[in-house]
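What follows is the residue order along each chain.
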Amino acid sequence: MAKHWKTMDGNMAAAHVSYAFTEVAAIYPITPSSPMAEYCDEWAAQGRKNIFGRIVEISELQSEAGASGAVHGALSAGSLTTTFTASQGLLLMIPNMYKIAGERLPAVFDVSARALAGHALSIFGDHSDVMACRATGFAMLAASSVQETMDMTAVAHLVAIDARMPFLNYFDGFRTSHEIQKIEVLDYDDLAKLVNYDAIEEFKADAMNPEHPYQKGTAQNPDIFFQATEAINRFYDDLPDTVADYMEKISKLTGREYFPFNYYGDPEAERVVVCMGSACQAAEETVDYLRARGEKVGLVIVHLYRPFSPKYFFKVLPATVKKIAVLDRCKEPGALGEPMYQDVCALFAEYAPAERPVIVGGRYGLGSKDTTPTQIKAVYDNLKSYKPMNHFTIGINDDVTRLSLPMGEEINAAPEGTIRCKFWGLGSDGTVGANKNAIKIIGDNTDMYAQGYFSYDSKKSGGITVSHLRFGKNPIKSTYLINNADFIACHKQEYLHQYDVLRGLKKGGVFLLNTQWTDMAALEEHVPAKVKRFIAKNDIQFYVINATDIAQEIGLGNRTNMIMMSAFFKLANVIPLEDAVKYMKEANEHTYGRKGAKVVAMNDAAVDKGCDAVIKIEAPAAWADAAEEACTCSCCSDRPDFIRDVCDPINAQEGDSLPVSAFLGIEDGRFPSGTSAYEKRGVGVLIPEWNKDKCIQCNQCSMVCPHATIRPVLLDEEEAAHKPAGFETLPVKAPKELAGLQFRIQVSPLDCLGCGNCADICPVKALEMKPLDSQMPQSENWKFAVEEVSDKSDRVNIHNVKNSQFAMPYFEFSGACAGC
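Residues numbered from 1 in each chain as written. Predicted model: local features only at pLDDT ≥ 70, side-chain atom pairs only at ≥ 80, totals over all residues. Heavy atoms only, no water.

## Here we look at empty space enclosed by the protein
Item 1. Under the counting rule described, the total for this entry stands at 6 cavities of 30 Å³ or more.
Item 2. Each pocket or cavity is described by its volume, and for the largest cavity that value is around 100 Å³.
Item 3. Every residue lining the largest cavity is counted, 15 residues in all, and those nearest its centre are Cys695, Cys698, Asn699, Cys701 and Cys762.
Item 4. Across the lining of the largest cavity, the residue classes break down as 12 nonpolar, 3 polar and no charged.
Item 5. Approximately 80 Å³ is the volume found for the second largest cavity.
Item 6. If you go around the second largest cavity, you meet 13 residues; those closest to its centre are Cys705, Thr709, Cys752, Cys755 and Cys758.
Item 7. Of the residues assigned to the lining of the second largest cavity, the class counts are 8 nonpolar, 5 polar and no charged. (1 Å grid on protein atoms, 1.4 Å probe; cavity = no way out; pocket = protein on both sides within 12 Å on 5 of 7 lines; lining within 4 Å. Points joined across faces, edges and corners; volume = space filled by probe spheres on them. Nonpolar A, V, L, I, M, F, W, Y, C, P; charged D, E, K, R; others polar.)

## Description of the sheet that holds strand E26 (residues 742-747)
Item 1. With antiparallel pairing, the 3 strands of this open sheet are ordered in space as E24-E26-E25. With one partner strand each, in any of the chains shown, strand E24 (710-715) and strand E25 (730-731) form the two edges of the open sheet.
Item 2. The pairing of E25 with E26 spans 2 bridges and is classified as antiparallel. By the bridge assignment, Pro731 is partnered in E26 with Gln742. (Pairing = 2+ DSSP bridges. Helix = DSSP H or I, 4+ residues; strand = E, 2+ residues; numbered from the N terminus.)

## Comments concerning the pairing of strand E8 (residues 180-184)
Item 1. Taking burial as the measure, the 5 residues of E8 include 5 buried ones, the bulk of the element.
Item 2. Side chains Ile180, Lys182 and Glu184 project from E8 onto one buried face, and the interleaved Gln181 and Ile183 project onto a second face that is buried too.
Item 3. As defined by bridge partners, strand E1 (residues 5-9) adjoins E8 across 5 bridges and the pair is classed as antiparallel. Along E8, the bridge assignment pairs Asp9 with Ile180. (Buried < 20%, exposed > 50% of the residue type's maximum accessible area, 1.4 Å probe, protein only.)

## Description of the pairing of strand E18 (residues 464-472)
The two faces of the sheet receive side chains in turn, since in a regular strand these alternate between them.
Item 1. With 9 of its 9 residues buried, E18 lies for the most part within the structure.
Item 2. Covered by surrounding structure in E18 are Ile464, Val466, His468, Arg470 and Gly472 together with Thr465, Ser467, Leu469 and Phe471, the residues of both alternating faces.
Item 3. Relative to E18, strand E17 (residues 449-456) runs antiparallel, the two sharing 8 bridges. In the strand pairing of E18, Tyr453 is matched with His468.

## Some words on the packing of helix H1 (residues 10-21) against helix H2 (residues 34-45)
Item 1. Across the interface, H1 lies against H2 with an axial gap of 8 Å and an inter-helix angle of 50 degrees. Taken as axis vectors, H1 and H2 run oblique relative to one another. In this structure, the crossing between H1 and H2 has a hand that is right-handed. Between H1 and H2, the contacting residues are Asn11, Met12, Ala14, Ala15, His16 and Tyr19 on the first element and Pro35, Met36, Tyr39, Cys40, Trp43 and Ala44 on the second.
Item 2. Along the lines of polarity and charge, the residues of the contact of H1 with H2 split into 10 nonpolar, 2 polar and no charged. (Axes fitted to C-alpha atoms, helices over the stretch in contact; angles between N-to-C directions. Parallel < 35°, antiparallel > 145°, perpendicular 65-115°, else oblique. Left-handed = near helix turned anticlockwise from the far one by under 90°. Contact = heavy atoms within 4.5 Å.)

## Examining the environment of Leu715
Item 1. Looking at the element boundaries, Leu715 is found in strand E24.
Item 2. Judged by relative accessible area, Leu715 falls into the buried class, the value being 0%.
Item 3. Spatially, the C-alpha atoms of Leu715 and Leu738 are 9.9 Å apart, while their sequence positions differ by 23 residues.
Item 4. Among residues more than four places away in sequence, those in contact with Leu715 are Ala720, Lys723, Phe727, Thr729, Leu741, Gln742, Phe784, Val789 and Lys792.

## Some remarks on the nonpolar core
Item 1. Counting 106 residues, the largest nonpolar core has Phe109, Phe167 and Leu168 as its most contacted members.
Item 2. The element best represented in this core is helix H7 (residues 146-163), accounting for 11 residues.
Item 3. Phe109 has contacts with Val71, Thr83, Leu90, Met93, Met97, Ile100, Phe138, Phe167, Leu168 and Asn169, leaving out every residue within four places of it along the chain.
Item 4. Formed by 45 residues, the second largest nonpolar core is a distinct cluster that contains Phe454, Leu512, Ile545 and Val581. (Core = buried A, V, L, I, M, F, W, Y, C linked by side-chain atoms within 4.5 Å.)

## Let's talk about a negative patch on the surface
Item 1. On the surface, Glu38, Asp41, Glu42 and Glu60 cluster together into a negatively charged patch.
Item 2. Secondary-structure assignment places Asp41 in helix H2. (Patch = residues over 30% accessible without salt bridge, like charges linked within 9 Å, V, L, I, M, F, W, Y side chains within 5 Å. Areas by Shrake-Rupley, 256 points an atom, 1.4 Å probe, with all protein chains shown as cover. Salt bridge = Lys/Arg side-chain N within 4 Å of Asp/Glu carboxyl O. Lys, Arg positive; Asp, Glu negative; His and termini not counted. Charge placed at Lys NZ, Arg CZ, Asp CG, Glu CD.)

## As for the sheet that holds strand E15 (residues 392-393)
Note on sheets: strands pair through backbone hydrogen bonds, and any given pair is parallel or antiparallel.
Item 1. As summarised here, the arrangement of the 6 strands in space is E9-E11-E10-E13-E14-E15, forming an open sheet in which the pairing is mixed. In this open sheet, the two strands that pair with only one neighbour each are strand E9 (261-265) and E15.
Item 2. Relative to strand E13 (residues 323-328), strand E10 (residues 271-275) runs parallel, the two being bridged by 4 bridges. Paired with Arg271 across the two strands is Lys323, which belongs to E13.

## Observations regarding the environment of Lys609
Item 1. Along the chain, the position of Lys609 falls in helix H23 (residues 597-612).
Item 2. For Lys609, a relative accessible area of 39% gives the class partly exposed.
Item 3. Placed 83 residues apart in sequence, Lys609 and Lys692 show a C-alpha to C-alpha distance of 39 Å.
Item 4. Once residues lying within four places of it in the same chain are set aside, the contact partners of Lys609 are Ile550 and Ile554.

## As for helix H3 (residues 64-76)
Item 1. The end-to-end C-alpha separation of H3 is 18 Å, in line with the 18 Å expected for 13 residues at 1.5 Å each.
Item 2. Listed in full, the buried residues belonging to H3 are Glu64, Gly66, Ala67, Ser68, Val71, His72, Ala74, Leu75 and Ser76.
Item 3. On its buried face, H3 sits against strand E2 (24-27), strand E4 (81-85), helix H4 (87-91), helix H5 (94-102), strand E5 (108-113) and helix H9 (197-205).
Item 4. Gly78 occupies a position one or two residues after H3 and carries a positive phi of about 95 degrees. (Expected span 1.5 Å × (residues − 1).)

## Quick notes on the packing of aromatic side chains
Item 1. All told, the structure shown has 26 aromatic pairs when counted by the stated rule.
Item 2. When the centroid spacing of 6.3 Å and the interplanar angle of 50 degrees are considered together, the rings of Phe542 and Trp623 count as tilted. One end of the pair, Phe542, is in strand E21 (residues 541-545); the other, Trp623, is in the loop between strand E22 (615-617) and helix H24 (641-651), with 81 residues separating them in the sequence. Of the two residues, Phe542 and Trp623, both sit in the buried class. (Phe/Tyr/Trp six-rings, centres within 6.5 Å; stacked < 30°, edge-to-face > 60°.)

## Considerations on the state of the cysteines
Item 1. Throughout the structure, instances matching the rule amount to 0 disulfides.
Item 2. In this structure Cys280 is a free cysteine whose sulfur lies 4.0 Å from that of Cys275, the closest cysteine sulfur available. (Disulfide = S-S within 2.5 Å.)

## Quick word on the pattern of salt bridges
Item 1. One pass over the structure, following the stated rule, counts 43 salt bridges.
Item 2. Two residues, Asp645 and Arg644, come together in a salt bridge whose shortest N-O distance is 3.5 Å.
Item 3. What makes Asp645 partly exposed here is its relative accessible area of 40%.
Item 4. Its relative accessible area of 42% is what places Arg644 among the partly exposed residues.

## Digging into the side chain of Asp343
Item 1. Counting through the fold element by element, Asp343 comes out in helix H14 (residues 339-347).
Item 2. Only 2.6 Å separates the side chain of Asp343 from the side chain of Tyr305, close enough to count as a polar contact. (Polar contact = N/O pair within 3.5 Å; in protein donor to acceptor, adjacent residues only side chain to side chain.)

## Side note on the side chain of Ser404
Item 1. Mapped onto the elements of the fold, Ser404 is located in the loop between E15 and strand E16 (419-426).
Item 2. A polar contact is formed between the side chain of Ser404 and the backbone oxygen of Ile396, at a distance of 3.0 Å.
Item 3. Among the polar contacts listed, one links the side chain of Ser404 to the backbone nitrogen of Asp398, at a separation of 2.7 Å.
Item 4. If sequence neighbours within four positions are ignored, Ser404 has contacts with Met389, Thr393, Ile396, Asn397 and Asp398.

## Things to note about H7
Because the α-helix completes a turn every 3.6 residues, residues three or four places apart line up on one side.
Item 1. For H7, spanning 18 residues, the distance from its first C-alpha to its last is 26 Å, which sits close to the expected 26 Å at 1.5 Å a residue.
Item 2. Judged by how many residues are buried, H7 sits mostly within the fold: 17 of 18 residues are covered.
Item 3. Trailing H7 by a residue or two, Arg164 shows a phi angle of about 55 degrees, which is positive.

## Considering the environment of Asp447
Item 1. Positionally, Asp447 belongs in the loop between helix H16 (431-445) and E17.
Item 2. Spatially, the C-alpha atoms of Asp447 and Lys473 are 7.4 Å apart, while their sequence positions differ by 26 residues.
Item 3. For Asp447, the contacting residues outside a window of four places in its chain are Lys182 and Lys473.
Item 4. At a separation of 3.2 Å, a polar atom in the side chain of Asp447 contacts the side chain of Lys473.

This is the structure we're talking about:
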């Protein structure tokens, strides 16, 4: 087969193959699986044909239960049918899954495995959802990388057709579904040659049809139900062999070797970890690291989880093994152990005690908690103990039940030559899109491997995004966040005060800051002391660029992405700059061509200016001893304990450091109300400035603001006497009940998201959008307005637009997109 490489994420890899084998897709969106259905819908709209020469019929239903019901119906009618789902969406399909499995219908459910909402919602990945389905009768097939997602999806569809059995085909939500990798794409013509067309013909001939009717969905009494249930055993007994057979065919096609269980490591390993999903890639790096130091360790990678086959497990497990650790990415409260741990224990139940290896289990990575080689090394180290800890956790500090394994020193298990880059961006500023383009530019135009993963804030637009990009000459297995970067870019200057953006930048690394503080005097004034010290003490190559103003000049608004990507290619030296410029402009034409020549030209100008506008800053020697300034902020002293001890670390992107004890008393997921008032995100690039001379006191600006960050304020004589110097006011014009009071429109600069709705709706243009920096003095005015000025809404009828805005808003500082 001809090699065809393309840069894509796990969702696209699964969708590419599923589309090939699917006749009907019944869909309903849920994060993070939605892109799979979106890709298939787009391809169908474009007229793309599957391997049967047909356009896939896509139907979006009204719910997940409706989607699974439609899948069941389409299968019963003889159509090869697929759906895409995750988390609670998958759980809503469970009733139909029992029916589909019981009727031996060849469905494939592609699942980006995600945490289930229990004490709290998590949109992020673990195996809670798929583990909840293990009794449905579906075969369960797992992938651990973007490449494996493509390959395992092919196996799932081929075996479903051949064996007339439904498959749950899954991979880790976000960590694999949204990770971008350069992978080898399976060709539809090659896949078509592997299909058992006789099985398809038999399936279609067996479909419900009024021309040859039969009855199904019957009710059975106690006399026969048990026997009928046991009659299916032979199909499950034979299934692992069928899976192994098709894995062998995919292996021959691709050169990548697959088995129901793959083994990686020392053939005479004494300590073995059993794992499933994306953490296997990090575990492979850890095995290489430990073996290079003489340790006899190995890894069993689980692909076929149901049926769980002793034959294929023992086929790969070294006979020398003495101790086994099983890692589960889920928690089953009250159980004797997590699901896969219990499965592995059951495999050895019939062994004589003297022949049985020590088996322990542990939990990791719940809700997409990062899982690193350092943590996995701790698992192998635990197995060295005479009596290893059982039911342990890794990646957290459990200071309550004390189940956490101790972490040793941080290790770097990635292969030499990997270039690691990290980007701190603002949701909606284009950082993520630009980084995706950068990966595709390098992956699709060079012989280098590329990987991208994007750590999103759940606040979406206006939230923080941290992009993790790796490039290298060898395949990249690092399925964890970058903590030893060669290059870090910060696309928003305020982040220097909010987050530890330089953490993990290696000595001599490159730091690029998008800032309006481009001269040394401004940098001296605004750059925090801890940043100055880090730059000076670690020989950091420090560069600045004013991409914010450049974007405004070009006409791109707050979209600094192309400017910053151009600056990245100039400084990171991943590929020659002239090649990068060429590829970026080609990407502009491809991405923006349908929007017109003007948009393409603006983005091309951004590429050129990004290269030219980078300024190198020579850090003064005095920065090494920069002293912290005493905090003069009036709000620091009276922060509640919960805000200081829990919310502040979370908001500073340091929630990983919080121990289990921090959540005692809120185990049920409850948080106090009003915590958003302490966050002060400062994400508005431009925020409104009030002009009292134009204002007609209509309050429409406050009414239209969905975040309650601009409000009318009413001061009585005593309050007006104590107002801050810059707190300008007007006499109230109306209604008469407020006569004698002073009026002001007050903005909270650090809470405003900069959507401009207020300025747009103002009938007299009394609000003008100004840069955030220029409005920072308003912070003290806001504090006075909300803390020192009393509520006077009881003096008026608040049941009209104007007067309603004098009442206290009880929904403030929403984390939704700006203006939403």
